[in-house]
Amino acid sequence: MQAEREFEVVLFGATGFTGRLVAEYLALAGGALRWALAGRDLAKLERVRAGLPSAARGVPLLVADASAPAELAARAHVVATTVGPFARYGLPLVEACASAGTHYCDLTGEVHFIRRSIDVAHERARATGARIVHACGFDSVPSELGVLLLSQESRRLGLGGLREVKMVVTQLRGGASGGTLASILGVAEAAAGSAEIRRLLLDPYALSPERGAEPHTERGDQLGVRYEPALRCWTGPFVMAAVNTRVVRRSNALLSYAYGRELSYAESMSLGAGPRGLTRALGLSLGLGAGLLAAGLGPTRRLLARRLPHPGEGPSRERQAKGGFELEFFATTERGPTLRARVGGDGDPGYSATAKMLGESALALARDPLEAGGGVLTPAVALGTHLLERLRAAGLRFELR
Ligand SMILES: NC(=O)c1ccc[n+]([C@@H]2O[C@H](COP(=O)([O-])OP(=O)(O)OC[C@H]3O[C@@H](n4cnc5c(N)ncnc54)[C@H](OP(=O)(O)O)[C@@H]3O)[C@@H](O)[C@H]2O)c1
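Numbering of residues starts from 1 in every chain and runs along the sequence as written. Note on the predicted model: pLDDT of at least 70 is required for a residue's local features to be given, and 80 or more for side-chain atom pairs to be given and counted; whole-chain, interface and lining totals, by contrast, use all residues. Side-chain numbers come from the whole structure's heavy atoms, not from hydrogens or water.

### Description of the site of the ligand
Any residue with a non-hydrogen atom lying within 4 Å of a molecule or strand is treated as near it. Close to the ligand lie 31 residues; T15, T18, D139, S177 and S183 are nearest. As used in this structure description, the phrase polar contact means that two N or O atoms lie within 3.5 Å; if the pair is within protein, one of them must be able to donate a hydrogen and the other to accept it, and residues adjacent in sequence are counted only when both atoms belong to side chains. The contact in question runs from an oxygen atom of the ligand to an N or O atom on the side chain of T18, over 2.8 Å. Note that an oxygen atom of the ligand is positioned 3.3 Å from one of the backbone N or O atoms of G179. If the ligand stood free it would expose 940 Å²; the protein chains cover 92% of that surface. Breaking the shell around the ligand down by element, the ones donating at least two residues are helix 1 (17-29), helix 4 (86-89) and helix 8 (178-193). Each residue is assigned to one class: nonpolar for Ala, Val, Leu, Ile, Met, Phe, Trp, Tyr, Cys and Pro, charged for Asp, Glu, Lys and Arg, and polar for all the others, Gly among them. Considered class by class, the residues forming the shell around the ligand number twelve nonpolar, 14 polar and five charged. Each of domain 1 (7-138 + 352-395) and domain 2 (141-346) gives at least three residues to the shell around the ligand. We get accessible surface area from the Shrake-Rupley algorithm with a probe of 1.4 Å; when it comes to residues, only the shown protein chains can shield them. Secondary structure elements are defined from DSSP: runs of H or I of at least 4 residues count as helices, runs of E of at least 2 residues count as strands, and each element is numbered from the N terminus. Residue ranges assigned to each domain were obtained from an automatic or database domain assignment.

Put into structure tokens, the structure is as follows:
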């Protein structure tokens, strides 16, 4: 594993919309962290540094392009990156970190990129001890840690593993940045151009370490409207389920199915009770279908790319401050009794809350006595309760009910 490195954490993409928020978070939460800001444009990095709290004004700046990241990986104990779309820019850094035994965390929600990373870097990272951790933002940290919490509670109570977990988003207030929209449109473009990627994205076990060993109990993501008796509300599809459920299933498989050999995991979004809730759920379902269609067709995708926020842009500070999220988890255990948990946070889930999630993931990789060995891992497997406790201390809520 690593000898002493110059930096505990290098934040790559520090000039981007989310990168700037993570830089601000690390400047305040990092304590006496040895860290550096990295990006491709020195003048932009200088402007970001000048806007940080005074204690961080001396933080070193490293210039690197995403296509040549070997030096960043060699100088850092951990690289945290927000350079996306990850399918376009991300793989060289993953490979460099896996080769150099450098821990890595990112914000990707691009399933085909994570699959590629597993295929090219998992064995190398296992050999060097590098923990490569994708999806350390709103997708998929709350889902990951919610299921982990329930599974630990189920074992603690002697109820065995989990048979079924349903996560329902009951509150979601937040915006979208240009980088996130570019990443979503990038996934749509990749899917439109490749039957193999389309098949992968529809596969509930797309991130499985060993596809043939999976129990094949999953039915796929919710696309239409359903009634949720536990909350007495109508639900529609949750757009991030296509990422989160795959990451949770990979965690379960990497943990030798410690959550439950036959676990079925699904996510949806609550749209309220009564006829109004039903109408809203139908609207969401149809709207999402139309959005996917528009993103999948070249001309409408190009139109969307022109009209929507551009890379570097995102929700205002005021809008982020008004954001928040609440997720309800309902579990059935192998022995029968049910368990409930709630995960929530204040601030825009994709930005202020995500900056905490990625910042604390990097700090956990740098400083905590983690149990997992190297490999292309998930937040629950690599960081588990260390990250959960860090995020609790940072103000996120993880509660058993
Ligand atoms: N999981 C989540 O919840 C979550 C939340 C937020 C964001 N994200 C993801 O995070 C990513 C970033 O989003 P964002 O809104 O922050 O995007 P953004 O504002 O466009 O930032 C992208 C960053 O990447 C840098 N970059 C682009 N090409 C590069 C290259 N060739 N070499 C080095 N750096 C390069 C940009 O540098 P310049 O400043 O020089 O252009 C910028 O720093 C997206 O993939 C998004 O989907 C995920």
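Now that the structure is up, let's keep going.
### Let's talk about helix 10 (residues 241-254)
Residue count minus one, scaled by 1.5 Å, sets the expected span of a helix. The end-to-end C-alpha separation of helix 10 is 19 Å, in line with the 20 Å expected for 14 residues at 1.5 Å each. With twelve of its 14 residues buried, helix 10 lies for the most part within the structure. We call a residue buried when its accessible area falls under 20% of the maximum for its residue type, exposed when it is over 50%, and partly exposed in between, using a 1.4 Å probe and counting protein chains only. What helix 10 keeps buried is the set A241, V243, N244, T245, R246, V247, V248, R249, R250, S251, N252 and A253. For this analysis, residues touch if any pair of their heavy atoms sits within 4.5 Å. On its buried face, helix 10 sits against helix 6 (111-128), helix 7 (141-156), helix 9 (195-202), strand 10 (264-272), strand 13 (375-377) and helix 15 (379-382). Where helix 10 terminates, the next one or two residues include S256, which has phi positive at roughly 55°.

### Some points on the domain arrangement of the protein chain
Each domain of the protein chain was delimited in the assignment, giving domain 1 (7-138 + 352-395) and domain 2 (141-346). The interface is formed by 32 residues belonging to domain 1 together with 38 residues belonging to domain 2. Two parts lose some accessible area (1.4 Å probe) when they are put together, and adding that loss for both gives the buried area. Across the interface of domain 1 and domain 2, roughly 3000 Å² is buried in total on both sides, 70% from carbon and sulfur atoms. Contact with domain 2 buries surface across domain 1, with F17, V111 and F138 losing the most and accounting together for 25% of the total. What makes a salt bridge here is a side-chain nitrogen of Lys or Arg within 4 Å of a carboxyl oxygen of Asp or Glu, nothing more. The interface formed by domain 1 and domain 2 includes one salt bridge. Between R317 and E24 there is a salt bridge, with its nearest N and O atoms 2.9 Å apart. Remark: the boundary between domain 1 and domain 2 carries nine residue pairs in polar contact (both at pLDDT 80 or more). Looking at the side of domain 1 that touches domain 2, the elements with two or more residues in it are helix 1, helix 6, helix 14 (352-367), strand 13, helix 15 and helix 16 (384-393). Considered class by class, the residues forming the side of domain 1 that touches domain 2 number 19 nonpolar, eight polar and five charged.

### A few points about the pattern of salt bridges
Counted according to the given criterion, the structure contains 21 salt bridges. Measuring nitrogen to oxygen at the nearest pair gives 3.3 Å for the salt bridge that ties E228 to K166. Placement of the pair is E228 in strand 8 (residues 226-228) and K166 in strand 7 (residues 162-173), with a sequence separation of 62 residues. Taking relative accessible area as the criterion, K166 reaches 28% and is therefore assigned partly exposed. The network of salt bridges with shared partners includes E328, R340, R342 and R401.

### Describing the packing of helix 7 against helix 10
For helices, the axis comes from a line fit to the C-alpha atoms of the stretch in contact; other axes are also lines fit to C-alpha atoms, and the angle between any two N-to-C directions lies between 0 and 180 degrees. Between helix 7 and helix 10, the shortest axis-to-axis distance is 9 Å and the interhelical angle comes to 40°. As summarised for this structure, helix 7 and helix 10 are arranged oblique, according to the angle between their axes. For the pair helix 7 and helix 10, the crossing hand works out as right-handed. Residue-level inspection shows S143, E144 and V147 of helix 7 in contact with helix 10, the latter providing N244, V247, V248 and S251. Classifying every residue of the contact of helix 7 with helix 10 by side-chain character gives three nonpolar, three polar and one charged. Between 65 and 115 degrees an angle is taken as roughly perpendicular, under 35 as roughly parallel, over 145 as roughly antiparallel, and anywhere else as oblique. Crossing handedness is defined as follows: a turn of the near helix away from the far one that is anticlockwise and smaller than a right angle gives a left-handed crossing, while the clockwise case is right-handed.

### Overview of the pairing of strand 9 (residues 233-237)
Taking burial as the measure, the five residues of strand 9 include four buried ones, the bulk of the element. The loop that links strand 8 with its antiparallel partner strand 9 comprises four residues; one of these, R232, has a positive phi angle of about 50°. Two strands qualify as a pair provided DSSP detects at least 2 bridges between them. Note: strand 9 against strand 10, four bridges, orientation antiparallel. The residue bridging W234 from the neighbouring strand is G272, located in strand 10.

### Thoughts on the environment of W234
Tracing the backbone through its elements, the reader meets W234 in strand 9. On the accessibility criterion, W234 (23% relative accessible area) is partly exposed. C-alpha of W234 to C-alpha of V111: the two residues are 123 residues apart in sequence and 28 Å apart in space. At 3.3 Å, the side chain of W234 and the backbone oxygen of G274 are in polar contact.

### Quick word on the packing of aromatic side chains
Pairs were defined over the aromatic rings of Phe, Tyr and Trp, the Trp ring being its six-membered one, requiring ring centres within 6.5 Å. Orientation was assigned from the angle between planes: stacked under 30 degrees, edge-to-face over 60, tilted for the rest. With the rule as written, the count across this model stands at four aromatic pairs. Taking 5.9 Å as the distance between ring centres and 35° as the angle between the ring planes, the aromatic pair formed by F86 and F113 counts as tilted. In this pair, F86 sits in helix 4 while F113 sits in helix 6, placing the two residues 27 residues apart along the sequence. Look at F113 and you get buried, because its relative accessible area is 3%. Geometrically, the ring pair formed by F138 and F325 is edge-to-face, given 5.0 Å between the ring centres and 65° between the ring planes.

### Focus: the packing of helix 8 against helix 9
Contact pair helix 8 / helix 9: the axes reach a minimum separation of 5 Å and the direction vectors enclose 120°. If you check the angle between helix 8 and helix 9, you find them oblique. Residue-level contacts link V187, A190, A191, A192 and G193 of helix 8 to A195, I197, R198 and L201 of helix 9. Residue composition of the contact of helix 8 with helix 9, grouped by class: seven nonpolar, one polar and one charged.

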